[in-house]
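Chain by chain, the residues:
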Amino acid sequence: MHLPELRPFHAHYVSALPEATSDLLFVFVDELCINNKTLQNFYLENLDTSLNFTISSLVSLGDFEGKWLQSSVSLSLNPQIAKRIVLIGTGKKDDFIPARSRQLGIKLAELMLALKAVNVSCLCSSFLLQSKEQLIQLSLGASLGVYKYPNSNARAEEVSSVKLPLNIYFVHEKFIDNAFMKKTSILERSLNLCRLLQDGPPNIVNPKYVAHHISQEAFELGLQVNVFGATQLREMGFGAMLAVGGGSAQEPQLVVVEYKPENYTKTLVFVGKGLTMDTGGYSIKTPSTNQEGMKYDMSGAAVCLSSVMAIAKLKLPIRVFAVGALCENMVDAHSYRVGDVLTSYSGKTIEVIDTDAEGRIVLSDALHFAAKDLKADYIVEYSTLTGAMIIALGHVGAGVFAFDKKLEETVISASEQTGERAFAFPVWDEVAQEMKGTISDLVNIGTTRRAAGSMAAAAFLKEFVDDVPYVHIDIAGVADGNSSIGYVKKGGSGYGVQLSVEIARQLSQS
Ligand code: BES
Ligand code: ZN
Ligand code: ZN
């Protein structure tokens, strides 16, 4: 089955307003541009004159002051330029971070869809949008905002979908060069690939579906892909991953994509948790533990496998592998039990205390594979690993658990760059000690069960990477969202795609 078609959407980057009339003209205005109900900005005053004073008329009413995400819609007094004008506030400089540009883009898309506009121009006039990075985030935000996973009922889709392609013209005098356009569209494509895989229902997006689509995408880019099914995984000794996937009618799949540039010195391996559904197994989840949201438990794999495509297209000078460990945690006669002792690929044994702490079990094999077989210089791993992460950081940021100072600094600085919030935690020895077993090397949850749950999980994972510099990123809170407070509106967020590209870029230069 093919990945669904998205709403047709084209972003254009131009240096002047298009000649054709726009359905909507967005004008970004920061607080400094307005004082005492009057415009204080030369650029805006000029624009206002050509719009027959639409902007100043709106501003003189006093209800629009350029405050963060404030908006004001009006008929345009110059219908040749645009039918309607929307002022959007960008607020103050102090609180302006890259994630805010993305939120502005989402807002723009929401208004565009609500007003049924198909040709939209967007004047990036606010001084807060005067850098390439801010403009990229704005454009990506608009793309995230118009994104919608199609209704599975084709008829419903036909009625609701916008017939014409959506066109957004971003008007900016300075930054419309080819490199800018290329980077934006590359990121957009990987983000959408990630989100389509995330949002697909678990009866369709199963391990083979992911493997199939990622292979297709990789072949198109000439990238090497290896997919290991159950038989090969058994031969290789992936006892942990096979146990978790054992209760499912769907075979587990280990998907490995390789990007190998002509010149490189280091090998970076991204590893992702790929539970296409996590029911909890015999330690079953109840509806109150968010079982319906567990199709997103493959987000780590989706992020890694989508990001490598962008890294390859950007031709970064670093060798990159993306490893997706895909399986389904189900209840069945073949499921693994509470109390089972498993032998992982590393040879270390794991006693299963809770079948719902399955992510770390699956990752134990994949991480060891990255360290030993792929000979990683760095391992960056993403997983929707613990509910405790949501308690700690909500749906706003990811938890970073690094076992290497340089990697930690890289992840944090990359996150500041892309506006995907991340916070570094320690991994204390007292907590790590709890993961030691008595009849096995390790237990999958410690004696205090959920106490310091995210840190305990990180300590468990570290056991499988030998001495390779390693960072674990827990994306349980940010992989999917319900509002635009964090990364995106409802659904898969693609959190981590931009981060991975930036991490690879920084590591390729060090
Ligand atoms: N996939 C879940 C973690 C999760 C919870 C992700 C909520 C996103 C939203 C993971 O497999 C899990 O069930 N973890 C348990 C671990 C516990 C049994 C130690 C948890 O967090 O409750
Ligand atoms: Zn679980
Ligand atoms: Zn899980």
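Residues numbered from 1 in each chain as written. Chains lettered and ligands numbered in written order. Predicted model: local features only at pLDDT ≥ 70, side-chain atom pairs only at ≥ 80, totals over all residues. Heavy atoms only, no water.

1. Side note on the layout of surface pockets
Thought 1: Its boundaries defined by the atoms lining it, the second largest pocket holds a volume of some 600 Å³.
Thought 2: Listing elements by their share of the lining of the second largest pocket, those giving two or more residues are helix H4 (132-146), helix H6 (178-199) and helix H7 (207-220).
Thought 3: In terms of residues, the lining of the second largest pocket owes the most to one element, H6, which gives 6 residues.
Thought 4: Within the lining of the second largest pocket, the residues separate by chemical class into 9 nonpolar, 6 polar and 6 charged. (1 Å grid on protein atoms, 1.4 Å probe; cavity = no way out; pocket = protein on both sides within 12 Å on 5 of 7 lines; lining within 4 Å. Points joined across faces, edges and corners; volume = space filled by probe spheres on them. Helix = DSSP H or I, 4+ residues; strand = E, 2+ residues; numbered from the N terminus. Nonpolar A, V, L, I, M, F, W, Y, C, P; charged D, E, K, R; others polar.)

2. Considerations on the packing of aromatic side chains
Thought 1: This structure, assessed with the given rule, holds 10 aromatic pairs.
Thought 2: Between the aromatic rings of Phe270 and Tyr382, the centroid separation amounts to 6.5 Å while the plane-to-plane angle is 25°, which identifies the pairing as stacked. One end of the pair, Phe270, is in strand E11 (residues 267-278); the other, Tyr382, is in strand E15 (residues 378-383), and 112 residues separate them in sequence.
Thought 3: A relative accessible area of 0% places Tyr382 in the buried class.
Thought 4: Ring plane angle 10° and centroid distance 5.2 Å describe the contact between Phe401 and Phe425, whose orientation is recorded as stacked. (Phe/Tyr/Trp six-rings, centres within 6.5 Å; stacked < 30°, edge-to-face > 60°. Buried < 20%, exposed > 50% of the residue type's maximum accessible area, 1.4 Å probe, protein only.)

3. What about the site of ligand 1?
Thought 1: The local shell around ligand 1 holds 18 residues, among which Lys285, Asp297, Asp356, Glu358 and Gly387 are the closest.
Thought 2: The separation between an oxygen atom of ligand 1 and a polar side-chain atom of Lys285 is 2.8 Å.
Thought 3: A distance of 2.8 Å separates an oxygen atom of ligand 1 from a polar atom in the side chain of Glu358.
Thought 4: When ligand 1 is considered free in solution it has 520 Å² of accessible area, and contact with the protein chains removes 89% of it.
Thought 5: If you list the elements that add at least two residues to the shell around ligand 1, you get E11 and helix H12 (387-393).
Thought 6: Split into classes, the residues belonging to the shell around ligand 1 amount to 5 nonpolar, 4 polar and 9 charged. (Near = heavy atom within 4 Å. Polar contact = N/O pair within 3.5 Å; in protein donor to acceptor, adjacent residues only side chain to side chain. Areas by Shrake-Rupley, 256 points an atom, 1.4 Å probe, with all protein chains shown as cover.)

4. Regarding the coordination of the zinc ion (ligand 3)
Thought 1: For the zinc ion (ligand 3), the full set of protein donor atoms is Lys273 (NZ), Asp278 (OD), Asp297 (OD) and Glu358 (OE), and the range of their distances to it is 2.0 to 2.4 Å.
Thought 2: Coordination of the zinc ion (ligand 3) draws on donor residues from a single chain, spaced K-x4-D-x18-D-x60-E in sequence. (Donors = N, O, S within 2.8 Å, 3.2 Å for Na, K, Ca; no water.)

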